[in-house]
Amino acid sequence: FPKAAGHLRVQRLFSDGHASVVRRGHPRAAEARLRKGFLGERHILITASETGHAAHLETQRVLTRTIAPSNILLQVPSFIAAAVVAAQTDGVATLPANLAEIVAAPLGMNVFKTPVALPRVEIAQYWHERYHRDPAHRWLRSVTLALFGDRG
């Protein structure tokens, strides 16, 4: 959140890249792994909201500049919705890599490295200074870090 107030505390949790998903049995799955094939596919794009993550807004900009408007099948407001649509169509959805790996098997999808350079997603937790020393808030932040923080 680049516009977050300066008095907020921040703790980095992890960084993620992007991956794309297509349904198992997609007729051009192999070609979609290469840049030319990827750009020729129909895409389900996720639209960033005003309050959404700044990294996704930049990802959305890159994808809409790179993919021809005629190849945009649909725009949806959530990553999960994009994955569900891609699982039911021949569309391609580009998601945060961790999420792509989680939803691929249950939705019957193949995951591949997106063949377009996209910005990494930095995930952090933020809190106001007045809660910095609060025991319950410290505990909650420590649990969040333990669950979602980088493991290595």
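This report concerns the structure included in the present document. Computed from a predicted structure; not experimentally measured.

1. A short note on the packing of helix H4 (residues 79–88) against helix H5 (residues 97–107)
Two elements in contact, H4 and H5, have axes whose closest approach is 11 Å; the angle formed by their N-to-C orientations is 40°. One element, H4, and the other, H5, form an angle in the oblique class. Considering the relative orientation of H4 and H5, their crossing is right-handed. The segment H4 lies against H5, with Phe79, Ile80, Ala83, Val84 and Ala87 engaging Leu99, Val103 and Leu107.

2. Examining the nonpolar core
Of all hydrophobic cores here, the largest spans 15 residues; its most connected members are Val21, Ala82, Ala93, Leu95 and Met109. Here this core takes 4 residues from H4, the largest share from any one element. Excluding residues that lie within four positions of it along the chain, leucine 95 makes contacts with Gly17, His18, Ala19, Val21, Ile46, Phe79, Ala82, Ala83, Ala100 and Val103. Core analysis: the next-biggest nonpolar cluster, separate from the first, contains 13 residues, Phe38, Val62, Phe112 and Val116 among them.

3. Notes on the pairing of strand E2 (residues 18–23)
Within E2, 5 of the 6 residues are buried, which leaves the element mostly enclosed by the surrounding structure. Sheet analysis places E2 next to strand E5 (residues 92–96), joined by 4 bridges and oriented antiparallel. Following the sheet pairing, valine 21 is matched in E5 by alanine 93. Taken together, the 5 bridges between E2 and strand E6 (residues 109–113) define a ladder with antiparallel strand orientation. Residue pairing in the sheet places serine 20 in a bridge with phenylalanine 112 of E6.

4. Examining a nonpolar patch on the surface
Where nonpolar side chains cluster on the molecular surface, the patch consists of Ile80, Val84 and Leu107 and spans about 220 Å² of accessible area. Structurally, leucine 107 is set in helix H5. Residue classification places leucine 107 among the partly exposed residues on the basis of a relative accessible area of 31%.

Conventions adopted
- Residues numbered from 1 in each chain as written.
- Predicted model: local features only at pLDDT ≥ 70, side-chain atom pairs only at ≥ 80, totals over all residues.
- Heavy atoms only, no water.
- Axes fitted to C-alpha atoms, helices over the stretch in contact; angles between N-to-C directions.
- Helix = DSSP H or I, 4+ residues; strand = E, 2+ residues; numbered from the N terminus.
- Parallel < 35°, antiparallel > 145°, perpendicular 65-115°, else oblique.
- Left-handed = near helix turned anticlockwise from the far one by under 90°.
- Contact = heavy atoms within 4.5 Å.
- Core = buried A, V, L, I, M, F, W, Y, C linked by side-chain atoms within 4.5 Å.
- Buried < 20%, exposed > 50% of the residue type's maximum accessible area, 1.4 Å probe, protein only.
- Pairing = 2+ DSSP bridges.
- Patch = residues over 30% accessible without salt bridge, like charges linked within 9 Å, V, L, I, M, F, W, Y side chains within 5 Å.
- Areas by Shrake-Rupley, 256 points an atom, 1.4 Å probe, with all protein chains shown as cover.
- Salt bridge = Lys/Arg side-chain N within 4 Å of Asp/Glu carboxyl O.

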